[in-house]
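Summary of the model geometry
Take a look at the letters that make up each chain.
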Amino acid sequence: MTGPTAPPVLIVGAGSADPDQFARSLAHLLNLALMLLICANLKVRDWRSVRRSIAVFCVGGMVVSGLVAVQFVAFNLYDDLSYARVLGPLSPTRAPGLAEAYVPRGEPLLRRPNGPFSEPSIAGWFLIFTAAVALSSRSGHPRLAAATALASGLGARLTLSLTRI
């Protein structure tokens, strides 16, 4: 026996209060799906040329994931927003669609970390992409790939972004 089915996302989004924002989020999601498809089908024949670059990218992804975790804890357990713009003056001056930089506001159930990016959805997208690259490079970096995919997946979950799904 099955329960009622949810209406397709495109139908719900088309009737949303802000269809422009929905279209931008859908574009991020479609871009992510394309990148995951490309990474999943990537076959590297000569690892020497890309091994170091992938290792640097994976370590960078784990650093971003750690920052997202620190922000999540600071924002939600300690009510400390000082980690919101970690790059200081180099932080993006505006979040997409906003007049100023992203800082979690109001009293939502959980505040969303953004890492070094302009908003949480971009952080979630980057971390899922990092996990995809790491998983596609398993044969060249087995331990690093597993650690990166695990850390990036956790970091993406902490952004509470629908894009990262």
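Residues numbered from 1 in each chain as written. Predicted model: local features only at pLDDT ≥ 70, side-chain atom pairs only at ≥ 80, totals over all residues. Heavy atoms only, no water.

A few points about the packing of helix H3 (residues 51–77) against helix H5 (residues 142–158)
Short version of the rule: Orientation is described by axes fitted as lines to C-alpha atoms, over the contacting stretch for helices, and by angles from 0 to 180 degrees between their N-to-C directions. Helix numbering and strand numbering both begin at the N terminus, where a helix is a DSSP run of H or I of at least 4 residues and a strand a DSSP run of E of at least 2. The hand of a helix crossing depends on one turn: near helix anticlockwise from the far one by less than a right angle means left-handed, and clockwise means right-handed. The contact definition used throughout considers only heavy atoms, calling two residues in contact when any of these lie within 4.5 Å. The residue classification treats Ala, Val, Leu, Ile, Met, Phe, Trp, Tyr, Cys and Pro as nonpolar and Asp, Glu, Lys and Arg as charged. All others, Gly included, are polar.
It is at 8 Å that the axes of H3 and H5 come closest, and there the two elements cross at 35°. In the packing of H3 onto H5, the handedness of the crossing is left-handed. Across from Ala55, Cys58, Val59, Gly61, Met62, Ser65, Val68, Ala69 and Phe72 in H3, the residues of H5 making contact are Leu144, Ala147, Thr148, Ala151, Ser152, Gly155 and Leu158. When the residues that make up the contact of H3 with H5 are grouped by side-chain class, the tally is 11 nonpolar, 5 polar and no charged.

Observations concerning the nonpolar core
Rule in force here: In plain words, nonpolar cores are sets of buried Ala, Val, Leu, Ile, Met, Phe, Trp, Tyr and Cys residues tied together by side-chain atoms within 4.5 Å. Here the term buried applies to any residue with accessible area under 20% of the maximum for its type, exposed to any over 50%, and partly exposed to those in between, with areas from a 1.4 Å probe on protein chains only.
Counting 10 residues, the largest nonpolar core consists of Leu32, Val64, Val68, Phe72, Trp125, Phe126, Leu127, Ile128, Ala156 and Leu158. Contributing elements (two or more residues each) for this core: H3, helix H4 (120–136) and H5. The greatest single-element share of this core, amounting to 4 residues, is contributed by H4. Those residues within four positions of Val64 in sequence are excluded, and the remaining contacts are Pro116, Phe117, Phe126 and Leu127.

Observations regarding the environment of Ala84
You can see Ala84 is positioned in the loop between H3 and H4. Taking the C-alpha atoms as reference, Ala84 lies 9.7 Å from Val68; in sequence the two are 16 residues apart.

Quick word on the packing of H4 against H5
Cut-off, in case you're wondering: Throughout, the term roughly parallel applies to angles under 35 degrees, roughly antiparallel to angles over 145, roughly perpendicular to angles from 65 to 115, and oblique to all others.
One can describe the packing of H4 onto H5 by two numbers: an axis separation of 8 Å at closest approach and a directional angle of 160°. The angle between H4 and H5 falls in the class roughly antiparallel. Classified by chirality, the crossing of H5 by H4 is left-handed. Packed against H4, whose contacting residues are Gly124, Leu127, Ile128, Thr130, Ala131, Ala134 and Leu135, the element H5 presents Ala145, Thr148, Ala149, Ser152, Gly155 and Ala156 at the interface.

Considerations on the packing of aromatic side chains
Here the distance between the centres and the angle between the planes together describe a pair of aromatic rings. Filter applied, for reference: Pairing of aromatic side chains requires ring centres within 6.5 Å, counting the rings of Phe and Tyr and the six-membered ring of Trp. Pairs whose planes differ by under 30 degrees are stacked, by over 60 edge-to-face, and all others tilted.
Going through the model one piece at a time under the given rule, you end up with 4 aromatic pairs. For the ring pair Phe57 and Phe129, a centre distance of 6.1 Å and an interplane angle of 75° mean the geometry is edge-to-face. Linking Phe57 in helix H3 with Phe129 in helix H4, this pair joins segments that are 72 residues apart in sequence. With relative accessibility at 18%, the residue Phe129 sits in the buried group. Ring geometry for Phe117 and Phe126: centres 5.2 Å apart, planes at 45°, overall tilted. On the basis of relative accessible area, Phe126 is assigned to the buried category, the value being 16%. Chaining the aromatic ring pairs together yields one cluster made of Phe57, Phe117, Trp125, Phe126 and Phe129.

Thoughts on the environment of Asn76
The line we're drawing: Whenever a nitrogen or oxygen atom comes within 3.5 Å of another N or O atom, the pair is scored as a polar contact, on the condition that within protein one atom can donate a hydrogen and the other can accept it, and that pairs from neighbouring residues in sequence are kept only if both atoms are in side chains.
Take Asn76: it is sitting in helix H3. Overall, Asn76 belongs to the partly exposed group, its relative accessible area being 23%. In sequence terms Asn76 and Leu110 are 34 residues apart; their C-alpha atoms lie 6.2 Å from each other. Discounting chain neighbours no more than four positions away, the residues touching Asn76 are Leu110 and Arg111. Within the local environment of Asn76, its side chain forms a polar contact with the backbone oxygen of Phe72, the two atoms lying 3.0 Å apart.

As for the side chain of Thr148
Take Thr148: it is sitting in helix H5. When residues no more than four places from it in sequence are discounted, the contact partners of Thr148 are Cys58, Met62, Thr130 and Ala134.

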